[in-house]
Amino acid sequence: MKLKRLVLIGAAAFAGATMQLAGAQETFKIGLNVERTGNAASYGGHVIIASQIAVEHVNENGGINGTPLELIIEDNRTSPEQAVVAVRNLDRKGVAAILGPIQTSQARTAFPATNRAKVVSISPGSGAPGLAAQNRPWAFRNAAIDDKIFTDVVGEFKERHPDAKRVALIMDPKDAYQVAFIGKVAPPAFEKHGITVVNNGSPLEVPADANDHSVFVTKLRSMDVDAGVLGLVIEQGQTFLHELNRQKVEMPMLTGIGYVTNSVAEVAGDRKVYSGQPFDPNGSSETVKAFTEEFAKRSKEQLPGQYTVPLYIDAGAYESIRIIADALKETGAKPSDSTDDIRVKIRDYIAGLKDYQGLGNTLSIDENGDAVKPTLVFETDGGTWNKL
Amino acid sequence: MILSDPVQALVSINLILTLSLLFPFVAGVWSLGLPGFMAVGAYTAAWCSTNMGLPITASLAIGVVASAAISIPFGLLALRIHGIYLAIATLAAAELITLFFSHFEPTGGVMGFAGIPYIDAYWAVIAAALMFLLSLLIYRSRFGKALFAVGSDPIVANCNGLNVPMLQMLALAIGAGLAGLAGGLFSHYYSFISPSNFQFSRTVDILLFLVAGGLTPLGSLVGSFTLTLVPQLSSALETWAPALYAVVVIVLMAFMPGGIFPKNRVAPLIAYIKSHRKPRDSVQSQRKPAAAPQLDVTKN
Amino acid sequence: MFLQQLINGLMLGSVYALIGVGYTLIFGVLRMLNLAHAYIFMAAPFAAFYFMQLGIESSFLAMALGVMGAGLLGIVLYYVCFRPIHQSHALGGFVTSLSFGIIIQVIIVNTFGTLKVPFQSGVTLPDIEFGNTILSGIQAAGLAISIVLMIVLLWLVKHTRFGRNVRAIAENENAAQLLGVSVRTAVLQVFVISSALAGLAGLLVATRFESLSSHMSDAYALKALAVIVVGGLGDVRGALVAGLALGVAEVLLQAYASGMWAEAFIWVMLIVVFLVKPDGLLGESIKRREV
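Nothing here was measured: the structure is a model prediction, and the numbers come from that model.

Attention shifts here to the overall build of chain A. Each helix and strand counted, chain A has twelve helices and 16 strands in total. Against the globule reference of 21 Å for 388 residues, chain A gives a C-alpha radius of gyration of 23 Å, in line with a compact fold. Expressed as a percentage of the 388 residues in chain A, the buried residues total 57%.

Written out as structure tokens, the structure reads:
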């Protein structure tokens, strides 16, 4: 009895497998190593949307010389250990390249794994310095920390607030990106413009899980400064801005990367907040418009109540998929080529990328594997962000 | 296919960590110092192999020694504080260790320690297998029974001539050493560590494995194995996958509140499963004995 | 600025105190830690938010529904997670309640995401300003409500039969049962009250910061554990005092010392407290061996 049942099950499985192989269409697979669940699930959800839009746009334009792109999603659960499993699973599924992880925490373990698996990984959101450099040649980043960006932000700020003489730094001391940004990038940028950083070396520390910022804002009030520098992640930044409003603190703020979206502008209200990033969500080019409109539509449908204006992470994700697609096209890759060949071609293409027309800007990949893009500075104006 | 390289490493490291929690808990020492010990082992081993060029086996061993050594102040705490108070105190002490590494520049501070030489997953698997066998041996030995006695009732154990403080400190040291080994394996497999890898959330995860599996070596094996694999298999549920994990744990605890293997025996579990299965033919079920002796993997 | 920081500390402390009381009540009667507590704290304001989105005009009604929802969750929690587990498996309750909490969190994350959601309570109150200090109307109202709640709780525990039952069970469950206390009813009541309290605390926080997040309990969960241990397990008065003290201490440290030292100090302080008083600050409550 048992044996017969086993044989039947075995036969069914075999039949299913062969049917799968026979019916499977030839595609190029791009892997998505994304934070679908866990603390960064909201970012992951939006990046999935951005990536899906990119894949559809490519396929609508004839795919890769006729062959469509397919997106394979692996959840890294916002866990560095799972990110390695995700890389391995995607590798096993024969992807041509991997987009992700979003966060530095996951990228730190995924990047060595991607080097071992010899497949490209591009992170659209990791900003900790040196990460791609430590993991050559297969790791890339489309969202680098750039000294230039912030110097430009300070410049614009100084132009509009010529009387500002003193600023205070605010950060979460346990975040590698913020340690680099607040510790190494911000002070020289202010020095260049003749502004004093009153708490250089001992910034105002806001723990990552702090919900109640009243003590920190009160501390800021006692510092007698003309502006504050928010190195915090966007969520904590919003909480801080909200508390600034409540304690009736009237000063402009400068921020790190990743604040240019509607939820921040709304909480900022009449306060002037300055932020720099390489992506302009209000850009006028056709590609940008097509992307932002579709992104807003799908975010509203699939992630109701969350932000609808794409963050630089979402833009980076879209851009990276297009870059991979162009890599496949330009190198004349065919689905019948060996996976290893395709992966090497993509790696070399991206490593040599210069003056590529991205989402409303031009980007080049430097020798560290990081993308170099021009800065755009934004300022809040009564509930929306304006490009300066 | 499910047991890919990284999953093997994950299961193995989790098993060692679960065992590292088992020893102190069996001896009645509610030590939640796991992340601290793991961090010490990880950083020490990484330092030895990366900055001092020592072979990896030696580095791992030094890591184990370092974390066992760090357990001494914890042990002194345990002499004075007990139960849930000790749990909180050790939690605090572990957080202090992580805080130290956040500010210790030679190992990278919050930027982390990169470039650690890579080891294949089989290192972790072999280490885990060895540690499991070792734990079984200890558990069945006189020493193991002494630890168990101390955990069940320290006063009676003392009256029976057992040196309770010494045994507790030993259990703690063994646990710390195991966590240090796991840490060393972790740092070499992932090639990168930072203080954010050693947080209290990890303790909670491992505690779940231990409690669901049962406070025995066999329980640790089953608990860490099953619960590490459940998330790997539930990816089809997409964003609902963590809920499945939680449901599995609740159901498990509802039916087996002492864990799957509360005693280190397989037989009671099989008998339990059999007693819950509807007999197709009542005569048939009467003919078979309740627990086939040859299925006993380990005897206590 | 000192007065302002003091007020900040009291506000933070009052949240710790309210959460701590709920925690300690359940520990007193069951000897188990209810880890779902922090998640119910987070779920209640989301429930209120959901009702407001459904079209319920009065935010007070929505919030009241949120609190009731929290109480209901407490009942479900008891039956699913704690009833099946006997007291001898202390860690079992820890594990199942955590899982229950995770399920709640997954539902919330899948509905609302992990980012902060703005929460308009519709309550506008004028601010009180004296000198450099600003006490927002909502803060003052929240503080007042918290104080009232604490007084009510203390009265409940000290002067009502329910309170006596709870204290009796906490001291010796068997004896209490023999003396006619219906343990099951009392435990259920504790769960309802404790969960409703958690929900109310969550609503107060959400109203004060005008935002909700599926991770809003992170800041409070671990500290609440420290609160109940320092205050004495099962001791309501202790939890209140310890919560307020911890809040004020944390704020003053963050205001006048660097972040790292503030954090280190809190942990070191905990260890020192236990070394000096191994059975907890107010030591007279649950004795060591039964833990």
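Before going further, it helps to examine the interface of chain C and chain B. Each partner contributes residues to the interface: chain C has 34 residues there, and chain B has 32 residues. When residues in the side of chain C that touches chain B are grouped by element, the largest group, eleven residues, is from helix H4 (residues 90–112) of chain C. Taken together, the residues of the side of chain C that touches chain B break down into 25 nonpolar, seven polar and two charged.

Glancing now at helix H5 (residues 137–159) of chain C. Residues and elements named next belong to chain C. In this model, H5 (23 residues) spans 32 Å end to end at C-alpha, consistent with the 33 Å of a helix rising 1.5 Å per residue. For H5, the set of buried residues is Gln-139, Gly-142, Ser-146, Met-150 and Leu-153. Elements that come into contact with the buried residues of H5 comprise helix H1 (2–30), strand E3 (133–135), helix H8 (183–209) and helix H10 (236–256).

All names here are of chain C. Looking at chain C as a whole, its pLDDT mean stands at 84, while 95% of the residues score no less than 70. Note on residues 285–291: pLDDT is under 50 here. Beyond four places in sequence and across chains, it has 15 contacts. The complex model carries a pTM of 0.87, and its ipTM stands at 0.85.

Residue and element names in this part refer to chain A. Burial within strand E1 (residues 28–34) is extensive, with six of its seven residues counted as buried. Pairing geometry for E1 and strand E3 (residues 97–99), over three bridges, is parallel. Bridge pairing in E3 places Leu-32 opposite Leu-99.

Attention shifts here to the interface of chain B and chain A. Taken together, the contact between chain B and chain A spans 22 residues of the former and 21 residues of the latter. Of all the secondary-structure elements, those providing two or more residues to the side of chain B that touches chain A are helix H1 (5–26) and helix H11 (241–255) of chain B. Considering every element that reaches the side of chain B that touches chain A, the biggest residue donor is H1(B), with four residues. Class assignment for the residues of the side of chain B that touches chain A results in eleven nonpolar, nine polar and two charged.

This part takes up the confidence of the model for chain A. On average, chain A scores 88 in pLDDT, and the residues at 70 or more come to 93%. Every residue in residues 18–23 of chain A is under pLDDT 50, and counting partners more than four places away or in other chains gives zero contacts.

Let's shift gears to the domain arrangement of chain A. How big an interface is tends to be expressed through the accessible area that disappears when the partners come together. Residues and elements named next belong to chain A. You can read the domains of chain A as domain 1 (27–145 + 284–372) and domain 2 (147–256). The C-alpha centroid of domain 2 is placed 31 Å from the C-alpha centroid of domain 1. Facing the five residues of domain 1 at the interface are five residues of domain 2.

Moving on, we get to the sheet that holds strand E13 (residues 362–365) of chain A. All names here are of chain A. Spatially, three strands are ordered E12-E13-E14 in an open sheet, and the strand pairing comes out antiparallel. One side of each edge strand has no neighbouring strand; the edge strands of this open sheet are strand E12 (356–357) and strand E14 (371–372). Across two bridges, the pairing between E13 and E14 is antiparallel. Pairing of Ser-364 across the sheet is with Val-372, part of E14.

B:Ile16, B:Ile88 and C:Ala43 are the most contacted members of the largest nonpolar core, which has 331 residues in total. Looking at which element gives the most residues to this core, the answer is helix H8 (residues 164–190) of chain B, with 16 residues. Each of domain 1 (27–145 + 284–372) and domain 2 (147–256) of chain A contributes no fewer than three residues to this core. Dropping the residues within four chain positions of it, B:Ile16 is found in contact with B:Ala127, B:Ala128, B:Met131, B:Leu178, B:Leu181 and B:Ala182.

Moving on: the packing of H1(B) against helix H5 (residues 121–140) of chain B. Two packed helices can be described by the angle between their axes and the distance between those axes. Residue and element names in this part refer to chain B. In contact at an axis separation of 8 Å, H1 and H5 are set at 30° when each is read in the N-to-C sense. Here H1 is positioned roughly parallel relative to H5, judged by the angle of their axes. As for the relative orientation of H1 and H5, their crossing is left-handed in sense. The segment H1 lies against H5, with Asp-5, Pro-6, Gln-8, Ala-9, Ser-12, Ile-13, Leu-15, Ile-16 and Leu-19 engaging Ala-121, Ala-124, Val-125, Ala-127, Ala-128, Met-131, Phe-132 and Ser-135. Taken together, the residues of the contact of H1 with H5 break down into 13 nonpolar, three polar and one charged.

This paragraph deals with the sheet that holds strand E5 (residues 139–141) of chain A. All names here are of chain A. Taken together, the five strands give an open sheet; going across it, the order is E2-E1-E3-E4-E5, and neighbouring strands pair in parallel fashion. Where the open sheet ends on each side, the last strands, each with one partner, are strand E2 (69–75) and E5. Between one strand axis and the next, the sheet turns through 25° on average, direction left out of account.

With that settled, consider unusual backbone geometry. Note on backbone geometry: most residues besides glycine have negative phi, and most peptide bonds are trans. With an omega of -5°, the peptide bond running from A:Gly100 to A:Pro101 counts as cis. Mapped onto the secondary structure, A:Pro101 falls in the loop between E3 and helix H4 (104–117). Phi angles above zero are rare outside glycine, and A:Asn65 is one such case at about 50°. Among the structural elements, A:Asn65 can be located in the loop between helix H2 (41–60) and E2. Located in the positive-phi region is C:Glu210, a residue other than glycine, with phi close to 55°. Along the chain, C:Glu210 turns up in the loop between H8 and strand E4 (211–212). Residue C:Glu210 is classed as partly exposed on the basis of its C-beta count, with 17 C-beta atoms lying within 10 Å.

Right, let's get into the environment of A:Gly283. For A:Gly283, the position within the fold is in the loop between strand E11 (273–277) and helix H10 (286–302). When the C-alpha positions of A:Gly283 and A:Gly155 are compared, they lie 22 Å apart, and in sequence the two are 128 residues distant.

We now examine the pairing of strand E9 (residues 227–230) of chain A. Residue and element names in this part refer to chain A. What you see with E9 is no split at all: Ala-227 and Val-229 on one side and Gly-228 and Leu-230 on the other are buried throughout. Bridge count between strand E6 (residues 166–171) and E9: four bridges; the pairing is parallel. Note on E9: the bridge partner recorded for Leu-169 is Val-229. Taken together, the three bridges between E9 and strand E10 (residues 253–255) define a ladder with parallel strand orientation. Within E10, the residue paired with Val-229 across the bridge is Leu-254. After leaving E9, the chain enters helix H8 (residues 234–246) and then returns to the sheet as E10, a path that is right-handed.

This part covers the environment of A:Gln357. Along the polypeptide, A:Gln357 turns up in strand E12. The spatial distance from the C-alpha of A:Gln357 to the C-alpha of A:Thr287 is 10 Å, given a sequence separation of 70 residues.

Along the chain, C:Gly55 turns up in the loop between helix H2 (36–54) and helix H3 (59–82). Considered as a pair, C:Gly55 and C:Ala175 are 120 residues apart in the sequence and their alpha carbons are 50 Å apart.

About the cut-offs
- One numbering rule holds for all chains: residues counted from 1, following each sequence as written.
- Chain letters and ligand numbers both follow the written order, the letters beginning at A and the numbers at 1.
- Under the rules for a predicted model, residues below a pLDDT of 70 receive no local features and side-chain atom pairs below 80 are neither given nor counted, while totals for whole chains, interfaces and linings still include all residues.
- Where helices and strands are cited, they refer to DSSP runs of H or I of at least four residues and of E of at least two residues respectively, numbered from the N terminus.
- Radius of gyration means the value over C-alpha atoms here, while the globule rule gives 2.2 Å times the residue count to the 0.38 power.
- Buried means a residue has 20 or more other C-beta atoms within 10 Å of its own C-beta, exposed means 12 or fewer, and partly exposed covers the counts in between; C-beta atoms are placed from the backbone.
- A residue pair is marked as a contact if its C-beta atoms, positioned from the backbone, fall within 7 Å.
- Each residue gets one label: Ala, Val, Leu, Ile, Met, Phe, Trp, Tyr, Cys and Pro are nonpolar, Asp, Glu, Lys and Arg are charged, and the others, such as Gly, are polar.
- Here the expected length of a helix is defined as 1.5 Å per residue gap, with one fewer gap than residues.
- By definition, pLDDT measures how confident the predictor is in each residue, and it falls between 0 and 100.
- Strands pair, by our definition, only if DSSP identifies at least two bridges between them.
- What marks off one domain from the next here is an automatic or database domain assignment.
- In these notes, a nonpolar core means any group of buried Ala, Val, Leu, Ile, Met, Phe, Trp, Tyr and Cys residues linked to one another through C-beta atoms within 7 Å.
- Axis angles are defined between N-to-C directions and span 0 to 180 degrees, where every axis is a line fitted to C-alpha atoms and, for a helix, only to the segment in contact.
- Throughout, the term roughly parallel applies to angles under 35 degrees, roughly antiparallel to angles over 145, roughly perpendicular to angles from 65 to 115, and oblique to all others.
- Two helices that cross are described as forming a left-handed crossing if the nearer one is turned anticlockwise from the farther one by less than a right angle, and a right-handed crossing if clockwise.
- Place the viewer so that the strands point away; then a crossover is right-handed whenever the path from the first strand over the helix to the second strand goes clockwise.

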